Amino acid sequence: MSSKPAETSKQKRITVPSLTAMKANGEKITLLTAYDYSMARLVDEAGVEVILVGDSLGTAVQGHRTTLPVTLDQMIYHAEMVVRAVERALVIVDLPFPCTVLGPMRAIEDAARCFKETGCQAVKLEGGVERAEVISALTKAGMPVMAHVGLVPQSVHRLGGYRVQRDRDQLIADAKATEEAGAFAVVLECISADISKEITAELTIPTIGIGAGNGCDGQVLVLYDLLGLIPGRVPRHVKVYADLGKIMVEAVSAYKADVRSGDFPSSDQSFS
Ligand code: KIV
């Protein structure tokens, strides 16, 4: 049933400068997460500009309560699969905790592993003013960085939970610090819409919102949220575009019923 990605898609590869140009042209940028070959292939086929191998891997795929347990080796394992599938989108790999908090040298070593071992085109890291030195070091070493401010999940315990961030002065200072340090784009997570609009107007690099209103230059969602694959309460910032969780349970139940009744396999699925 499975096959390699179509060799026919000759669309131009998205690059870091493509995203800068999109902001300049007023074109919205679309990002989604992916964590494996088959999903990444479908997301790429749908034409999003950026695929993020997010450390949301921890909560979406591994079943953890936070992203903190995710390791660099795990990120690399998943990113390799994604890169293998993608033909057009820019692939960005999240640097998991604590890669970026141990100083610029450690961050350079860890980010370099992502580029060398996966073939990704950029890395993402959480933090604003306090990570400016690391962003600058990575950028000077030739590794493009997407920054991430606002609700930064790796600091969930310091923030006291997954809450909307409203400290306007701090958020603006953080976003500006990432641009000044050389980040090519910045994710704004769970920030009130008016503040993210203000940040977007002040920065020349693209802002990518998640729970940050529609005033950003682009949007990102966790793929499993968009596809209805995460059971339980749907967070306010998520729009479920397809309830695949329900469809999967129905399909598997139908399979079970067919096996029990002897309807599967039929002669169509059998060999003479
Ligand atoms: O890990 C992740 O998927 C992210 C996005 C939600 C921005 O950081």
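Residues numbered from 1 in each chain as written. Predicted model: local features only at pLDDT ≥ 70, side-chain atom pairs only at ≥ 80, totals over all residues. Heavy atoms only, no water.

1. Quick word on the sheet that holds strand β6 (residues 185-189)
Item 1. Taken in spatial order, the eight strands close into a barrel running β1-β2-β3-β4-β5-β6-β7-β8, and their pairing is parallel. Strand after strand, the sheet turns through a mean of 25 degrees between neighbouring axes, direction not considered.
Item 2. In terms of strand pairing, strand β3 (residues 90-94) meets strand β4 (residues 122-126) through three bridges, oriented parallel. Note that in β4 the partner of Asp 94 across the bridge is Lys 124.
Item 3. This element, helix α8 (residues 168-181), spans β5 (145-150) and β6 of the sheet and lies at about 175 degrees to β5. (Pairing = 2+ DSSP bridges. Helix = DSSP H or I, 4+ residues; strand = E, 2+ residues; numbered from the N terminus. Axes fitted to C-alpha atoms, helices over the stretch in contact; angles between N-to-C directions. Contact = heavy atoms within 4.5 Å.)

2. Topic: the site of the ligand
Item 1. Neighbouring residues of the ligand: Thr 33, Leu 52, Gly 54, Asp 55, Ser 56, Asp 94, Lys 124, His 148, Val 187, Ile 210, Val 220 and Val 222.
Item 2. Between the ligand and Asp 94, the relevant distance is 3.1 Å, taken from an oxygen atom to a side-chain nitrogen or oxygen of the residue.
Item 3. Note that an oxygen atom of the ligand is positioned 3.0 Å from one of the side-chain N or O atoms of Lys 124.
Item 4. When isolated, the ligand has an accessible area of 260 Å², and the protein chains bury 96% of it.
Item 5. Tallied by class, the residues present in the shell around the ligand amount to five nonpolar, four polar and three charged. (Near = heavy atom within 4 Å. Polar contact = N/O pair within 3.5 Å; in protein donor to acceptor, adjacent residues only side chain to side chain. Areas by Shrake-Rupley, 256 points an atom, 1.4 Å probe, with all protein chains shown as cover. Nonpolar A, V, L, I, M, F, W, Y, C, P; charged D, E, K, R; others polar.)

3. As for helix α2 (residues 37-46)
Item 1. Buried within α2 are the following residues: Ala 40, Val 43 and Asp 44. The arc enclosing the buried residues of α2, seen along the axis, measures out at 100 degrees, which places them on a common side. Facing away from the buried side of α2 by more than 90 degrees, the exposed set consists of Leu 42, Glu 45 and Ala 46.
Item 2. Buried-residue contacts for α2 involve β1 (29-33), β2 (50-53), α4 (72-85) and α10 (223-226).
Item 3. One side-chain oxygen at the N-terminal end of α2 lies 3.3 Å from the backbone nitrogen of Ser 38; it belongs to Asp 36.
Item 4. Positive phi appears at Gly 47, one or two residues downstream of α2, with a value of about 95 degrees. (Buried < 20%, exposed > 50% of the residue type's maximum accessible area, 1.4 Å probe, protein only. Arc of directions from axis to C-beta.)

4. Considerations on the domain arrangement of the protein
Item 1. Splitting the protein by domain gives domain 1 (16-241) and domain 2 (243-272).
Item 2. Computed from C-alpha atoms alone, the centre-to-centre distance between domain 1 and domain 2 is 38 Å.
Item 3. At the junction of the two partners, domain 1 supplies four residues and domain 2 supplies four residues.
Item 4. In total, about 300 Å² of surface goes out of reach between domain 1 and domain 2, with carbon and sulfur atoms giving 66% of it.
Item 5. Sorting the residues of domain 1 by area buried against domain 2 places Leu 227, Gly 228 and Leu 229 first, and these three jointly supply 81% of that buried surface. (Domains from an automatic or database assignment. Buried area = accessible area lost by both parts, 1.4 Å probe.)

5. Some points on the pattern of salt bridges
Item 1. Per the stated rule, a full pass over the model turns up 10 salt bridges.
Item 2. Taking the shortest distance from any N to any O, the salt bridge between Arg 168 and Glu 198 comes out at 2.4 Å. Note that Arg 168 is positioned in helix α8 and Glu 198 in helix α9 (residues 193-202), a separation of 30 residues in sequence.
Item 3. A relative accessible area of 38% places Arg 168 in the partly exposed class.
Item 4. Through salt bridges with shared partners, one network takes in Asp 73, Arg 113 and Glu 117. (Salt bridge = Lys/Arg side-chain N within 4 Å of Asp/Glu carboxyl O.)

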